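Architecture at a glance
Given next are the chains, with one letter for each unit.
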Amino acid sequence: MITSTLAAVAMLAATTAAYAEPVKVGMITTLSGGGASLGIDARDGFMLAIKNSGNSDVEVIIEDDQRKPDVAVQLADKMIQSDKVDILTGIIWSNLAMAVVPAAVAQGKFYLSVNAAPSQLAGPGCNARYFSVSYQNDNLHEAAGAYAKEAGYKNMFILAPNYPAGKDSLSGFKRYYDGELAGEIYTQLGQTDYAAEIAQIRASGADGVFFFLPGGMGIAFMKQYAQSGVETPLIGPAFSFDQGILQAVGDAALGVKNTANWSKDIDNEANKAFVESYQAEYGRLPSVYSSYGYDTANLMLSALDKASVSDADAFQKALEEADFDSVRGKFSFAANHHPIQDIYVREVVKEGDILTNKIVATAMTDRDNAYVGDCKM
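Computed from a predicted structure; not experimentally measured.

What follows deals with the pairing of strand E6 (residues 155–161). When you tally the buried positions in E6, you get six out of seven residues, the bulk of the element. Here E6 pairs with strand E7 (residues 180–187) via seven bridges, running parallel. In the sheet register, Met156 faces E7, and the bridge partner there is Leu181. With helix H6 (residues 164–176) bridging E6 and the parallel E7, this β-α-β connection has right-handed handedness. Bridge count for E6 against strand E8 (residues 208–211) is four bridges, and the pairing is parallel. Looking at the pairing, Ile158 lines up with Phe210 of E8.

Once that is clear, we can look at the sheet that holds strand E4 (residues 110–113). If you walk across this open sheet you meet the five strands as E2-E1-E3-E4-E5, and the pairing is parallel. Every interior strand has two partners, whereas the edge strands, strand E2 (58–64) and strand E5 (130–132), have only one. The average angle at which neighbouring strand axes cross in this sheet is 20 degrees, direction not considered. Two elements, strand E3 (residues 87–89) and E4, share three bridges in a ladder whose sense is parallel. When the sheet's bridge partners are listed, Thr89 is paired in E4 with Leu112. Docked against the sheet, helix H12 (residues 312–321) engages E3, E4 and E5, running at close to 15 degrees with respect to E4.

Enumeration according to the criterion identifies 20 aromatic pairs in this entry. Measuring from ring centre to ring centre gives 5.2 Å for Phe173 and Tyr177, while their planes differ by 35 degrees; the resulting arrangement is tilted. For the pair shown, Phe173 and Tyr177 are each scored as buried. Pairwise contacts between aromatic rings join Tyr135, Phe212, Phe239, Tyr289 and Tyr292 into one cluster. Sitting over the face of the ring of Trp93, Arg67 holds its NZ or CZ atom 4.9 Å from the ring centroid.

A word on helix H11 (residues 288–306). The end-to-end C-alpha separation of H11 is 28 Å, in line with the 27 Å expected for 19 residues at 1.5 Å each. With respect to burial, H11 is a largely interior element, 17 of its 19 residues being buried. For H11, the capping residue at the N-terminal end is Ser287, with a side-chain oxygen 3.2 Å from the backbone nitrogen of Tyr289.

According to the stated counting rule, one finds 22 salt bridges in the structure shown. A salt bridge links Lys264 to Glu351; its shortest N-O distance comes to 3.1 Å. Within this pair, whereas Lys264 is found in the loop between strand E10 (257–260) and helix H10 (269–282), its partner Glu351 is found in strand E12 (residues 339–351), the two being separated by 87 residues in sequence. Here Glu321 makes a salt bridge to Lys306, at a shortest N to O gap of 2.6 Å. Taken together, the positions of Glu321 in helix H12 and Lys306 in helix H11 put the pair 15 residues apart, joining distant regions of the chain. We classify Lys306 as partly exposed; its relative accessible area is 41%. Connected through shared salt-bridge partners, Asp138, Glu142, Arg175, Arg367 and Asp368 make up one network.

The subject of this paragraph is the environment of Asp313. Tracing the backbone through its elements, the reader meets Asp313 in helix H12. You can call Asp313 exposed: its relative accessible area is 56%. When the C-alpha atoms of Asp313 and Ile80 are compared, they prove to be 19 Å apart, with 233 residues separating the residues in sequence.

Its place among the elements puts Glu269 in helix H10. For Glu269, a relative accessible area of 60% corresponds to the exposed category. It is 8.8 Å that separates the C-alpha atoms of Glu269 and Asp325, two residues lying 56 residues apart in sequence.

Before going further, it helps to spend a moment on the side chain of Asp65. For Asp65, the position within the fold is in the loop between E2 and helix H3 (69–81). We note that Asp65 is buried and unpaired, the nearest opposite charge coming from Arg67 at a distance of 7.4 Å. At a separation of 2.8 Å, a polar atom in the side chain of Asp65 contacts the side chain of Thr30. Within the structure, the side chain of Asp65 is placed 2.8 Å from the backbone nitrogen of Arg67, a separation counted as a polar contact. Ignoring sequence-local partners within four residues, the contact set of Asp65 consists of Ile28, Thr29, Thr30, Val71, Ala72, Leu75 and Leu96.

The tendency in soluble globular proteins is for nonpolar side chains to be buried side by side. Membership of the largest hydrophobic core comes to 118 residues, with the highest contact counts inside it found for Ile87, Leu159, Phe221, Leu234, Met300 and Phe315. The element best represented in this core is H11, accounting for 10 residues. Sequence-distant contacts of Ile87, that is, excluding residues within four places in its chain, are made with Val23, Lys24, Val25, Gly26, Phe110, Leu112, Met300, Val309 and Phe315.

Thresholds applied
- Residues numbered from 1 in each chain as written.
- Predicted model: local features only at pLDDT ≥ 70, side-chain atom pairs only at ≥ 80, totals over all residues.
- Heavy atoms only, no water.
- Buried < 20%, exposed > 50% of the residue type's maximum accessible area, 1.4 Å probe, protein only.
- Helix = DSSP H or I, 4+ residues; strand = E, 2+ residues; numbered from the N terminus.
- Pairing = 2+ DSSP bridges.
- Right-handed = clockwise from strand over helix to strand, strands pointing away.
- Axes fitted to C-alpha atoms, helices over the stretch in contact; angles between N-to-C directions.
- Contact = heavy atoms within 4.5 Å.
- Phe/Tyr/Trp six-rings, centres within 6.5 Å; stacked < 30°, edge-to-face > 60°.
- Lys NZ or Arg CZ within 6 Å of the ring centre and 35° of its normal.
- Expected span 1.5 Å × (residues − 1).
- Polar contact = N/O pair within 3.5 Å; in protein donor to acceptor, adjacent residues only side chain to side chain.
- Salt bridge = Lys/Arg side-chain N within 4 Å of Asp/Glu carboxyl O.
- Lys, Arg positive; Asp, Glu negative; His and termini not counted.
- Core = buried A, V, L, I, M, F, W, Y, C linked by side-chain atoms within 4.5 Å.

Laid out in structure tokens, this is it:
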């Protein structure tokens, strides 16, 4: 009996060994300015997963990058050098990711992306310690291009901000859309006046408009577009029609199609529990950013169940196994540490007084990304 008890204790110690030492996570995200809602949602999803896990051995240090690359770099340096974090996460904007991630992984730190996933970090710039849990930047835009082709659009006008994710966006759209382009514009990052662009759309003869304008940019564009009277149909990724944007835009968004790798109506137990607990905790519906934060934390926790982060190779292997219940359902990593996942077409609908999205089709099944073959690690 004593032998059996000792054996049981030894087995319990082995299964909890990964949690024996505290883990420090540095979350650098956007909590102020025009993109604050994105970072707040990602933070809230991440912290909800930590809370729901009951794990008290994970310490999360949260800082506001103010959507400024230099601030993000300073915060990363502080977290690595002074706070001695084990893992970094949280960045929303791809220009900030490009300023922080290469230096962080070069110092041996793990970076788990809740959102930004620029093509430069998926191909030749990939790294064994870097994982994107959200997508590869091109993915949702590729699906929009595929949908535009399937829906019969022949002469699209496309626009996105002039920064890495914007460039990936239009590249991704054009990869699967084979019609003509009535116009292609890169706007300023953070721009709020789109009168000139809307005038160009009006004069272009386009039969549809694809736009990627996350956060406050999307709110400004959508409001001005509705007021302009231009009736050319809009298509976008989820970022242009996400939960926060919809409430700010109002009924002008009804019926618009957008592409996403997550939706609150994905039918699995993990997603149902997530949506319910998120609403109970924060009093609002989750967004795609919330879902990415939640999945990122649960991936990290699943890896910590198997390996200590101090054993970098074992922890990396545990992350690669992606042994957690994703709110997206099936989820795995491609060889360059970006997801393999389904991407859907959603339609903006009204449920009571709340604008939200529902899935109406599947645009891509088991999509990885265009850069896997360029990654050597």
